[in-house]
Amino acid sequence: MLTSLALIFLVGLSMAAICQKIKLPRIIGMLVTGIVLGPYVLDLLDPSILSISSELRQMALIIILLKAGLSLDLADLKKVGRPAVMMSFVPASFEILAFFLFAPYLLGVTRMEAAVMGSVLAAVSPAVVVPRMVQLMDTKYGTSKSIPQLVMAGASCDDIFVIVLFSTFVSMAQGGSAHLMDFLSIPISIVLGIILGAIVGFLLSLFFETAYAHKHCVRNSMKVIIVLGISFLLMAIETWTKGIVSISGLLAIVNMACVVKIKSIASVSNRLSEKFGKLWIAAEVILFVLVGAAVDIRYTMEAGVVAIGMILIALVFRSIGVFICLLKTQLNGKERLFCIIAYLPKATVQAAIGSVPLAMGLPCGKIVLSVAVLAILITAPLGALGMDFTYQRLLLKEEKF
């Protein structure tokens, strides 16, 4: 196992650095590392690592969602208003609709399996988008119309919406049929997740403040461990209450992080965000390398051309969804085009949940994972390079006074 971990970290980081050097997203290098080291090519990874990969992927997802919650400024969300709210669910809904309509004919899956596939593929990647939006805010590109804030806020909420839908569709696929209560559980899950996260976040910030007032200063590293432990408990609560009431543990985690950010002084929340950013460096390598290792490259190549066609059709639907969200806004044509490009990349969520249907034994598991990996390999560089090469041409730079 130690040899496998050494290979994952050293080869994964080396390949990520090479990709970064040639202006490609780091995750491409990590995915390729996993594919090459995995059981379908060189078979150099210990089976014990692969057997716990689903738990490791879930931990990585929790870390990136905590980072997103601590980075998300709700004031920015209020400032951009309606478009940000619409961007959090309309483009993803359009993309899921594309899979629901076309995947049964192109990929030979059932409607229910197409919905599962769409919910895996529909999320935009915070790992690719958020750092670039932060850079735009620092350099003042598009900030006069709050474009980076709009994209970052919408993308952060988009992930939650998609993950909740994914959980619902997977449950329905296992049961073999769709019921009205399955869809009613979506808003219930969202509302209860928000309430639970808000309560826990408030109590957590109260604990930190009380400890500080009594001169028992809790170190930021200790806070990170406490927040992580509570996040794992929130995910466990979702499991414990399953069958009784639907609660989104992931949404509770994000909302807890948002409340901690609101209730804490800026220096504390920024420091926590930095700490989770550092944790994400290690979690990201494990996540993407293990996802690559789960991919049967022969099966992916067979899915090839048709799967790529399906991904491109879905991106067209997604772009239409983004365009609709931006109607009746102050954004001009160039700025709207940038928002469409910024909403293309997929990586983090697809890596975290792409192999879940396969692990659960769903018949569509292999094809879902193959399409998810192809989507990452196509859209991550497309969106990343698109943003990097167009932001100076498409966005106005706000003058500093």
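Here the residue numbers are simple positions, counted from 1 along each chain's written sequence. Local features are withheld for residues below a pLDDT of 70 in this predicted model, meaning they are given only at 70 or higher, and side-chain atom pairs are given and counted only at 80 or more; totals for whole chains, interfaces and linings count all residues. Each side-chain value is derived from all of the structure's non-hydrogen atoms; neither hydrogens nor water enter the calculation.

Let's talk about the overall build of the chain
Move 1: Secondary structure elements follow DSSP: runs of H or I no shorter than four residues count as helices, runs of E no shorter than two count as strands, and numbering proceeds from the N terminus. Looking only at helices and strands, the chain has 19 helices and zero strands in total.
Move 2: Computation of the radius of gyration draws on C-alpha atoms, with the globule rule given as 2.2 Å multiplied by the number of residues to the power 0.38. Whereas a compact globule of 401 residues would reach a radius of gyration of roughly 21 Å, the chain reaches 20 Å, a difference of no more than 12%.
Move 3: With respect to the principal axes defined by its C-alpha atoms, the chain has extents near 60 × 50 × 50 Å.
Move 4: Whether two residues are in contact is decided by their heavy atoms: any pair within 4.5 Å suffices. The contacts in the chain between residues at least 6 apart in sequence include a share of 79% that link residues at least 24 apart.
Move 5: Note on areas: Shrake-Rupley, 1.4 Å probe, and residue coverage restricted to the protein chains presented here. Total accessible area computed for the chain in this model is approximately 17700 Å², and 69% of it derives from carbon and sulfur atoms.
Move 6: Taken as two groups, the 31 positive and 21 negative side-chain charges of the chain have centres that lie 8 Å from each other. Residues counted as positive are Lys and Arg, residues counted as negative are Asp and Glu, and His and the chain ends are not counted. To locate a charge, take atom NZ for lysine, CZ for arginine, CG for aspartate or CD for glutamate.

Observations regarding the packing of aromatic side chains
Move 1: Here the aromatic set is Phe, Tyr and Trp, taking the six-membered ring for Trp, and pairing holds for ring centres within 6.5 Å; pairs whose planes are under 30 degrees apart are stacked, those over 60 apart are edge-to-face, and all others are tilted. One pass over the full model with this rule turns up three aromatic pairs.
Move 2: When the ring of Phe102 is compared with that of Phe317, the centres are 5.9 Å apart and the planes differ by 75°; the resulting orientation is edge-to-face. Highlighted residues: Phe102 in helix H7 (residues 90–107) and Phe317 in helix H15 (residues 297–325), separated in sequence by 215 residues.
Move 3: Relative accessible area serves as the criterion here: at 32%, Phe102 is assigned to the partly exposed category.
Move 4: Seen in terms of ring centroids, Tyr141 and Tyr391 are 5.0 Å apart; in terms of plane orientation they differ by 90°. Their pairing is edge-to-face. Residue Tyr141 is found in the loop between helix H9 (126–139) and helix H10 (147–175), and its partner Tyr391 is found in helix H19 (residues 365–394); the two are separated by 250 residues along the sequence. Any residue under 20% of the maximum accessible area for its type is buried, any over 50% is exposed, and the rest in between are partly exposed; the area is computed with a 1.4 Å probe on protein chains only.

Some remarks on the layout of surface pockets
Move 1: Space inside the largest pocket adds up to approximately 1200 Å³.
Move 2: For the lining of the largest pocket, the secondary-structure elements that each account for two or more residues are helix H4 (53–71), H10, helix H11 (180–213), helix H12 (220–240), helix H13 (249–263), helix H17 (348–353) and helix H18 (356–359). Cavity and pocket criteria rest on a 1 Å grid covering protein atoms alone: a 1.4 Å probe that fits but cannot get out defines a cavity, protein on both sides within 12 Å along at least 5 of 7 lines defines an open pocket, and an atom within 4 Å of a point defines a lining residue. Grid points are joined across faces, edges and corners, and a volume is the space filled by probe spheres set on the points.

Here we look at empty space enclosed by the protein
Move 1: This model, assessed by the stated rule, comprises two cavities of 30 Å³ or more.
Move 2: Quantified by volume, the largest cavity comes out at close to 50 Å³.
Move 3: Forming the walls of the largest cavity are Arg132, Met133, Gln135, Leu136, Phe338, Met387, Asp388 and Tyr391.
Move 4: Elements that contribute at least two residues to the lining of the largest cavity include exactly H9 and H19.
Move 5: By residue number, the principal contributor to the lining of the largest cavity is H9, which donates four residues.
Move 6: Note on residue categories: nonpolar means Ala, Val, Leu, Ile, Met, Phe, Trp, Tyr, Cys or Pro, charged means Asp, Glu, Lys or Arg, and polar means any other residue, Gly included. Of the residues belonging to the lining of the largest cavity, the class tally is five nonpolar, one polar and two charged.

Observations regarding a nonpolar patch on the surface
Move 1: On the surface, Val32, Val36, Tyr40, Val41, Leu42, Leu44 and Leu377 cluster together to form a nonpolar patch covering roughly 530 Å² of accessible area.
Move 2: Here Leu377 is to be found in helix H19. In this analysis, a patch consists of residues with relative accessible area above 30% that form no salt bridge, clustered at 9 Å for like charges and at 5 Å for the nonpolar side chains Val, Leu, Ile, Met, Phe, Trp and Tyr. Put simply, a salt bridge is a Lys or Arg side-chain nitrogen that is within 4 Å of an Asp or Glu carboxyl oxygen.

Focus: the confidence of the model for the chain
Move 1: Known as pLDDT, the predictor's per-residue confidence is scaled from 0 to 100. Summarising the model, the chain shows a mean pLDDT of 84, and 93% of its residues fall at 70 or more.
Move 2: Considering each helix and strand of the chain separately, the mean pLDDT is smallest for helix H5 (residues 74–80), with a value of 66, and largest for H7, with 94.

Focus: the packing of helix H16 (residues 333–342) against H19
Move 1: Here an axis means a line fitted to C-alpha atoms, over the contact stretch when the element is a helix, while the angle between two N-to-C directions is reported on a 0 to 180 degree scale. Interhelical geometry of H16 versus H19 gives an angle of 165° and a closest axis separation of 9 Å. In terms of axis orientation, H16 runs roughly antiparallel to H19. Relative to H19, H16 is oriented so that their crossing is left-handed. Note on element contacts: H19 touches H16 through Gly383, Gly386, Met387, Thr390, Tyr391, Arg393 and Leu394, opposite Lys334, Glu335, Leu337, Phe338, Ile341 and Ala342.
Move 2: Among the residues making up the contact of H16 with H19, the classes are represented as seven nonpolar, three polar and three charged. Roughly parallel covers angles under 35 degrees, roughly antiparallel covers those over 145, roughly perpendicular covers 65 to 115, and oblique covers all other angles. Each crossing is labelled by how the near helix is turned from the far one, with a counterclockwise turn of less than a right angle marking it left-handed and a clockwise turn marking it right-handed.

Here's the deal with the environment of Ile340
Move 1: With respect to the element layout, Ile340 can be found in helix H16.
Move 2: Remark: the alpha-carbon pair of Ile340 and Leu315, spanning 25 residues in sequence, is separated by 9.6 Å.
Move 3: Residues in contact with Ile340, not counting those within four places in the same chain, are Ser319 and Val322.

Quick look at unusual backbone geometry
Move 1: Located in the positive-phi region is Ser146, a residue other than glycine, with phi close to 55°.
Move 2: Considering the arrangement of structural elements, one finds Ser146 in the loop between H9 and H10.
Move 3: Judged by its relative accessible area of 4%, Ser146 falls in the buried class.

Focus on the side chain of Glu284
Move 1: As for its placement among the helices and strands, Glu284 is situated in helix H14 (residues 266–293).
Move 2: Ignoring anything within four residues of it in the chain, the contact list for Glu284 reads Arg26, Ile27 and Met30.

Section: the pattern of salt bridges
Move 1: As enumerated under the stated definition, the model contains six salt bridges in all.
Move 2: The salt bridge involving Glu95 is made with Lys346; its shortest N-O contact spans 2.9 Å. Highlighted residues: Glu95 in helix H7 and Lys346 in the loop between H16 and H17, separated in sequence by 251 residues. Residues Glu95 and Lys346 agree in their burial class; the two are buried.
Move 3: Overlapping salt bridges, with partners in common, bring together Glu95, Asp158, Arg318 and Lys346 in one network.

Comments concerning the environment of Ala123
Move 1: Locating Ala123 in the fold gives a position in the loop between helix H8 (111–121) and H9.
Move 2: By relative accessible area, Ala123 is classed as buried at 0%.
Move 3: C-alpha separation for the pair Ala123 and Thr348, spaced 225 residues apart in sequence, amounts to 8.6 Å.
Move 4: Aside from chain neighbours lying at most four places away, what touches Ala123 is Asp158, Asp159, Val162, Arg318, Pro345, Lys346, Val349 and Gln350.

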